[in-house]
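Structural overview
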Amino acid sequence: MVTTFEHLPNELILRCFSYFNFFELYDLFYDLNRRFHHLIRYESKLYIDLDAVSDAKRLTFYLNLNQIIATNQNYQLSIITENEHDLRILFYDNLFQDKLCNLKSLILSNVPVETIYSIIFETTAKLYEGLRHLKLLDGIKTKDKESEHDKIQKLCNNLISSKMKSLIYLHINFDPYEYHDDTPSPLDDIYLEFEELSKRGESLSQLETLIIGELCDDNDHIMSAPTIRFCSLITNLLPCVPRLETLFINSIHFMPYYNDLTKIERTTHLMIPSNLRKVTIWIDRFDGDNIEKNINIVRQFFINNNLLKMTSIKIFSIPYEEDF
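What comes next is a walk through the structure. In every chain, residue numbers begin from 1 and rise along the written sequence. Confidence filtering applies because this is a predicted model: local features only for residues at pLDDT of at least 70, side-chain atom pairs given and counted only at 80 or more, and all residues used for totals across whole chains, interfaces and linings. Hydrogen atoms and water are omitted, and side-chain values are computed over all heavy atoms in the structure.

**Let's talk about the overall build of the protein**
The cut-off we apply is this: In this text, helices come from DSSP runs of H or I with a minimum length of four residues, and strands from runs of E with a minimum of two, each type numbered from the N-terminal end. Under the scheme applied here, a residue whose accessible area is under 20% of the maximum for its type counts as buried, over 50% as exposed, and between as partly exposed, the area being computed with a 1.4 Å probe on protein chains only. The criterion used for residue contact is that any of the two residues' heavy atoms lie within 4.5 Å. Values of accessible area rely on a 1.4 Å probe in the Shrake-Rupley scheme; residue burial ignores everything except the protein chains shown.
Secondary structure assignment for the protein yields 11 helices and 11 strands. Among the 324 residues that make up the protein, the fraction classed as buried is 49%. The long-range share in the protein, meaning contacts at least 24 apart out of those at least 6 apart in sequence, stands at 80%. As displayed, the protein has an accessible area near 16600 Å², and 48% of this comes from carbon and sulfur atoms.

Given below as structure tokens:
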């Protein structure tokens, strides 16, 4: 009869361990006994929340983490952080430079666009080869307003391409650059055009899930900084994600490109991912827009080009700011 936690079989203990991030496992169980030490070191999935690591134990933790990664070649490593300094320790310090090639999941907040691009495409870890899940959440912005557009476009175009050989889940969200002066000014939306993708006929992504902007439910829309034009979506983006199954876009718009509407309405056969089943899109509302017409255009595009195979198509309009 099982009377203590230690009497549980390994399978149940590992299931319990899955509810802890790796620092908590390390701090609570790593040196408790030989059995737990072995399970953590060789059989646990390494889910590391760098922000949970205390300053007093940081150095010892990194040294042990380095040893664990080095001795367990089959680990499933995931990292979450909103601290650029900790991220740089892992990817630029000689201690870890050649040991993060098996990173499968990365969740980042408050990290500059430049750093994200560098650790994915320029470090010795070569994350572009094995990374499967990437979430860019709150506070993702550039260090320089003047180059904001180009750097964000460059990052997005490379994330949604065949360069990312294993990426199947991508959530991208960017904050507008803020001026640090005494003059108040509204923040500009960030427009994702994906123009470079349209020039790469052979550069196709492995993505199955794509989320642009903040996730929200049907009745509680969250205003989002990243915005994409509908014409850019259907001509630049969708043809490059042939395996896409789920698409969520927090903010899409037609204005001020009225000329595109006629072209879109006349288009009956555009490349659309054949596996696409779930689409959720919020349409920006501009003065003079025929919002019902725009909603119907979007809905009919996905229905007509997907042969009625979709299980969920949700198209919403974003209220005017004064409606709140």
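**Examining the environment of Glu208**
Mapped onto the elements, Glu208 comes out in the loop between strand E6 (190-192) and strand E7 (209-212). The class of Glu208 is partly exposed, set by a relative accessible area of 29%.

**Let's talk about the packing of helix H6 (residues 113-121) against helix H8 (residues 148-159)**
We count it as follows: Throughout, an axis means a line fitted to C-alpha atoms (over the contacting stretch in the case of helices), and angles, computed between N-to-C directions, take values from 0 to 180 degrees. Here is the rule for angles: anything less than 35 degrees is roughly parallel, anything more than 145 is roughly antiparallel, 65 through 115 is roughly perpendicular, and the remaining ranges are oblique. Two helices crossing with the near one rotated counterclockwise from the far one by less than a right angle form a left-handed crossing, whereas a clockwise rotation gives a right-handed crossing. Residue type decides the class: Asp, Glu, Lys and Arg count as charged, Ala, Val, Leu, Ile, Met, Phe, Trp, Tyr, Cys and Pro as nonpolar, and the leftover types, Gly among them, as polar.
Close contact between H6 and H8 brings their axes to 10 Å; oriented N to C, the two are set at 30°. Classified by the angle between their axes, H6 and H8 sit roughly parallel to one another. Read as a crossing pair, H6 and H8 show a hand that is left-handed. Within the contact between the two elements, H6 uses Val113, Glu114, Ile116, Tyr117, Ile120 and Phe121 and H8 uses Lys151, Ile152, Lys154, Leu155, Asn158 and Leu159. Each residue belonging to the contact of H6 with H8 can be placed in one class, and the counts come to 8 nonpolar, 1 polar and 3 charged.

**Points about the packing of aromatic side chains**
Defined as follows: Pairing of aromatic rings covers Phe, Tyr and the six-membered ring of Trp, with a centre-to-centre limit of 6.5 Å; geometry is then stacked below 30 degrees between planes, edge-to-face above 60, and tilted otherwise.
According to the stated counting rule, one finds 13 aromatic pairs in the structure shown. Ring centres of Phe17 and Phe36 lie 5.8 Å apart, and the angle between their planes is 75°; on these two criteria the pair is classed as edge-to-face. Of this pair, Phe17 sits in helix H1 (residues 10-17) while Phe36 sits in helix H3 (residues 34-43); the two residues are 19 residues apart in sequence, bridging distant segments of the chain. Residue Phe17 is classed as buried on the basis of its relative accessible area, which comes to 3%. Of the residues examined, Phe36 reaches a relative accessible area of 1% and is grouped as buried. The interplanar angle of 75° and the centroid separation of 5.1 Å between the aromatic rings of Phe301 and Phe302 together place this pair among those described as edge-to-face.

**Focus: helix H4 (residues 58-71)**
Which entries qualify depends on this criterion: Expected span of a helix: the number of residues minus one, times 1.5 Å.
Look at H4: 20 Å from first C-alpha to last across 14 residues, which is about the 20 Å you get at 1.5 Å a residue. Residues of H4 that are buried: Arg58, Phe61, Tyr62, Asn64, Leu65, Asn66, Ile68 and Ile69.

**Here's the deal with the environment of Leu39**
Note on placement: Leu39 falls in helix H3. A C-alpha to C-alpha distance of 8.7 Å links Leu39 and Ile13, two positions 26 residues apart in sequence.

**Re H6**
Within H6, 9 of the 9 residues are buried, which leaves it mostly tucked inside the rest of the structure. Along its buried surface, H6 packs onto helix H5 (84-92), strand E3 (103-108), helix H7 (127-130), strand E4 (133-136) and H8.

**Things to note about the side chain of Asp284**
Stated precisely, the cut-off is as follows: N or O atoms within 3.5 Å of each other form a polar contact, as long as, within protein, one can give a hydrogen and the other can take it, and as long as residues adjacent in sequence are counted only when both atoms are side-chain atoms.
Looking at the element boundaries, Asp284 is found in the loop between strand E10 (278-283) and helix H11 (291-304). In this structure the side chain of Asp284 is engaged in a polar contact, spanning 2.8 Å, whose partner is the side chain of Ser251. The contacts of Asp284, once residues within four sequence positions are left out, are Thr227, Ser251, Ile252, His253, Asp289, Ile291 and Ile318.

**What about unusual backbone geometry?**
Located in the positive-phi region is Lys126, a residue other than glycine, with phi close to 50°. Among the secondary structure elements, Lys126 is positioned in the loop between H6 and H7. One non-glycine residue, Phe194, adopts positive backbone phi at about 55°. Turning to its location among the elements, Phe194 is positioned in the loop between E6 and E7.

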